[in-house]
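# Structural description and commentary
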Amino acid sequence: MQENILYAQPVEDNDIYVRYIGTEPINIGKIKYYGYRKEYLKEVDDSNADHGKRMIIDDSKPPQYDEITQLFMDSQNTNQLNAKLMLDNFNQKRINAQMMLEINNLKSGGTK
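What this report covers is the structure whose coordinates are included nearby. Bear in mind that the values here come from a model prediction, so they are computed numbers and not experimental data.

Evaluation of the coordinates by the stated rule reveals 2 aromatic pairs. Taking the centre distance of 5.4 Å and the plane angle of 75° together, the rings of Tyr20 and Tyr36 count as edge-to-face. Taken together, the residues span a long stretch of sequence, with Tyr20 in strand S2 (residues 18–22) and Tyr36 in strand S5 (residues 36–45) at a distance of 16 residues. On the accessibility criterion, Tyr36 (13% relative accessible area) is buried.

Below you can see the structure in the form of structure tokens.
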């Protein structure tokens, strides 16, 4: 079985406050897709660094992903949210059933 490999191509960016990092591969059938994450950087003072400054990740700006990686992340998040909603719904139905049993028990004169 031959595996095809695809790589996302970051947009050419000359901004020194941006860096691109490869992501873990995503398997799509016989295709292995390598996306990227775009991180924003900022300069901070650091007496131990060259020229007294160093670059760190700018937490005020969220990372961005290529379109295909973002699509898979959104799909995974949706699946996780759906599973949580189903579990919450099941738990609510269980609580409702317990309450109905208790109400019926009280209406019939309680436990004897």
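Resuming the write-up.
A cluster of nonpolar side chains, Ile28, Ile68, Leu71 and Phe72, forms an exposed patch at the surface whose accessible area comes to about 330 Å². Among the elements that take part in the nonpolar patch, helix H1 (residues 67–107) stands out by supplying 3 residues, more than any other. By the element assignment, Ile28 lies in strand S3 (residues 26–28). Relative accessible area serves as the criterion here: at 33%, Ile28 is assigned to the partly exposed category.

Under the counting rule described, the total for this entry stands at 5 salt bridges. The salt bridge partner of Arg19 is Glu39, with a shortest N-O separation of 2.8 Å. Taken as a pair, Arg19 in strand S2 and Glu39 in strand S5 lie far apart in primary sequence, 20 residues in all. A residue is classified by how much of its surface remains accessible, and Glu39, at 9% relative accessible area, is buried. Measuring nitrogen to oxygen at the nearest pair gives 2.6 Å for the salt bridge that ties Asp45 to Lys53. Exposure remark for Lys53: the relative accessible area of 38% places this residue in the partly exposed category. One network of salt bridges, in which partners are shared, links Arg19, Arg37 and Glu39.

How each quantity is defined
Residues numbered from 1 in each chain as written. Predicted model: local features only at pLDDT ≥ 70, side-chain atom pairs only at ≥ 80, totals over all residues. Heavy atoms only, no water. Phe/Tyr/Trp six-rings, centres within 6.5 Å; stacked < 30°, edge-to-face > 60°. Helix = DSSP H or I, 4+ residues; strand = E, 2+ residues; numbered from the N terminus. Buried < 20%, exposed > 50% of the residue type's maximum accessible area, 1.4 Å probe, protein only. Patch = residues over 30% accessible without salt bridge, like charges linked within 9 Å, V, L, I, M, F, W, Y side chains within 5 Å. Areas by Shrake-Rupley, 256 points an atom, 1.4 Å probe, with all protein chains shown as cover. Salt bridge = Lys/Arg side-chain N within 4 Å of Asp/Glu carboxyl O.

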